Amino acid sequence: MSQPTPTPLAGAQSEVADLLSELIRIDTTNTGDSATSAGERQAAEWVAAKLDEVGISSVVHESEPGRANLVARIEGTNRDRPALLVHGHLDVVPADPAEWSVHPFSGEQRDGYVWGRGAVDMKDMDAMTLALVRDWARTGVKPDRDIVLAFVADEEAGGRKGAHFMVDHHADLFEGCTEAISEVGGFSITVRDDLRLYLVQTAEKGLAWMRLTAGGRPGHGSFVHDDNAVTRLAAAVARIGSSRLPTVLTPPMREFLDAVSDAYSIEIDPNEPEVALARLGSISRMIGAALRNTANPTMLDAGYKTNVIPGTASATIDGRFLYGQEAEFEKQLDELIGEGVTREWITYDQAVETTFDGPSVDLMVQALTAEDPGARAVPFTMSGGTDAKSFETLGMRCFGFSPLKLPAELDFASLFHGIDERISVDSMQFGIRVLDRFLRQA
């Protein structure tokens, strides 16, 4: 009797959930302070061991003790072609177990999902990538061009100890890479049973975290006081927090809105596009933030005693600016901040944008439609930031392409840094199949 033909990528699809669970159980919380962050070295060593099991060698470089970054290269069959980078971060944001229905670092598998901090940001893509290249190694598959893998630290705090460090000090490891793929792109939005938009990230906003400081005359809390640092700062923070900066339609967002208009057969007012985006459900919060520069107050610090008016007061602001909008954003900020308050950058990094065209984009589209005939790939701008900011400086075109066919009812946007973060096993298995089609030829 003849043996049944093995299911393509059977190994990768069967082990991806367990790989993700194992990786989630390594607590890689990034607090922004190396003294209180955890697990990145352990996670990098875990990745290295999983690669070594199938004969893929890697190197690990630390920017500081414990802040580990791993790079491996899988040789392609066509040595004349430039390489492609697949990068992912190993760190995650903090999680309070008391807020979750499962322990955030349990990696529990339940109801067809893997639960835990990092499940969507972005240990799912890490696990999908690992599962795929391990399957390739076991079955003898070689991609057309070199594929460089990077699993890095510190993305959740701006990447200075991760991707930025690697670009600044170990750029040779990325020799020949002209394109890169990573997180927050390639996921689906269900329009109807036979149509899903797959959002491919071609741009992301710049990062401008800042500290505002107001000065005033200190004094006794019981006096009438007309030079109060707290009052001055509070007024500036209120102006910033309540502002809505003007809509700016960048090229990728124009393309995205055109796709939404066509998919839903609606007219979109370019001056009020959020009205139409509401049809997309919760993901509209993420998309809508990419229609303008934004600045949101996040922390306040002032005073040391109830009856003492302090001489200074400070606040932190999470600012994000669109590609080409740096100067305009600073002008907008200064108008909102007003007199008597200074600002300084805490973290500042560029916006990134590329075009939605070329052979690699064509292959993304083909890979998606091969696995989902109802797929329509569209570009978009991501409101947050990724390590693309670092790798773009080496001349790479950077895309968010972590393909996931999501359940139509899933509130995907709320899971980023959210409570009960989880990812569907079926979605990851779909992603492996798409990545296999794409990376073999890209």
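Scroll up to find the structure.
The paragraphs below set out a description of the structure included in this document. (Residues numbered from 1 in each chain as written. Predicted model: local features only at pLDDT ≥ 70, side-chain atom pairs only at ≥ 80, totals over all residues. Heavy atoms only, no water.)

**So, the overall build of the chain**
Scanning the chain for helices and strands turns up twelve helices and 19 strands. Compactness check: the chain gives a C-alpha radius of gyration of 23 Å against a globular reference of 22 Å for 442 residues, within 12% of the reference. Principal-axis analysis of the C-alpha atoms gives the chain an extent of 95 × 55 × 45 Å. Within the chain, the proportion of its 442 residues that are buried is 55%. Long-range contacts, defined here as pairs at least 24 residues apart, represent 79% of the contacts in the chain between residues at least 6 apart. Here the chain has roughly 18400 Å² of accessible surface; of this, 49% comes from carbon and sulfur atoms. One way to put it: in the chain the 40 positive side-chain charges average out to a point 1 Å from where the 67 negative ones average out. (Helix = DSSP H or I, 4+ residues; strand = E, 2+ residues; numbered from the N terminus. Rg over C-alpha atoms; globule rule 2.2 N^0.38 Å. Buried < 20%, exposed > 50% of the residue type's maximum accessible area, 1.4 Å probe, protein only. Contact = heavy atoms within 4.5 Å. Areas by Shrake-Rupley, 256 points an atom, 1.4 Å probe, with all protein chains shown as cover. Lys, Arg positive; Asp, Glu negative; His and termini not counted. Charge placed at Lys NZ, Arg CZ, Asp CG, Glu CD.)

**Notes on unusual backbone geometry**
Leaving glycine out, the prevailing phi sign among residues is negative, and the prevailing peptide bond configuration is trans. That bond from D121 to M122 is cis: its omega, -15 degrees, falls within 30 degrees of zero. One non-glycine residue, D154, lies in the positive phi region at around 70 degrees. Looking at the secondary structure, you find D154 in the loop between β6 (147–152) and α4 (163–169). Assessed through its relative accessible area of 3%, D154 is described here as buried. The backbone phi angle of H417 is positive, close to 60 degrees, even though this residue is not glycine. Within the element layout of this structure, H417 appears in the loop between β18 (397–400) and β19 (422–424).

**Quick notes on the packing of aromatic side chains**
Here the structure, examined in full by the defined rule, presents nine aromatic pairs. Feature note: the residues F187, F380, F412 and F416 constitute an aromatic cluster, connected by ring pairs. Over the ring of W115 we find R110, and its NZ or CZ is 4.4 Å from the ring centre. Across from the ring centre of Y113, 5.8 Å away, lies the NZ or CZ of R422, which sits over that ring. (Phe/Tyr/Trp six-rings, centres within 6.5 Å; stacked < 30°, edge-to-face > 60°. Lys NZ or Arg CZ within 6 Å of the ring centre and 35° of its normal.)

**Describing the pattern of salt bridges**
Counting across every chain of the model gives 34 salt bridges. Its salt-bridge partner being D111, residue R110 comes within 3.6 Å of it at the nearest N-O pair. On the basis of relative accessible area, R110 is assigned to the partly exposed category, the value being 29%. Linking E204 and K389 is a salt bridge whose minimum nitrogen-to-oxygen distance equals 3.3 Å. With E204 in strand β9 (residues 195–204) and K389 in helix α11 (residues 388–391), this pair connects stretches of sequence that are 185 residues apart. (Salt bridge = Lys/Arg side-chain N within 4 Å of Asp/Glu carboxyl O.)

**Describing the sheet that holds β19**
Either a parallel or an antiparallel arrangement is found when strands of a sheet pair, and the pairing is made through backbone hydrogen bonds. Strand order in the open sheet formed by three strands is β4-β5-β19, with antiparallel pairing between adjacent strands. The open sheet terminates on both sides in strands that have one partner only, identified here as β4 (109–110) and β19. The sheet contact formed by β4 and strand β5 (residues 113–115) spans two bridges and is antiparallel. By the bridge assignment for β5, Q109 is matched with V114. Against the sheet, helix α12 (residues 425–441) touches β5 and β19, its axis set at about 60 degrees to β19. (Pairing = 2+ DSSP bridges. Axes fitted to C-alpha atoms, helices over the stretch in contact; angles between N-to-C directions.)

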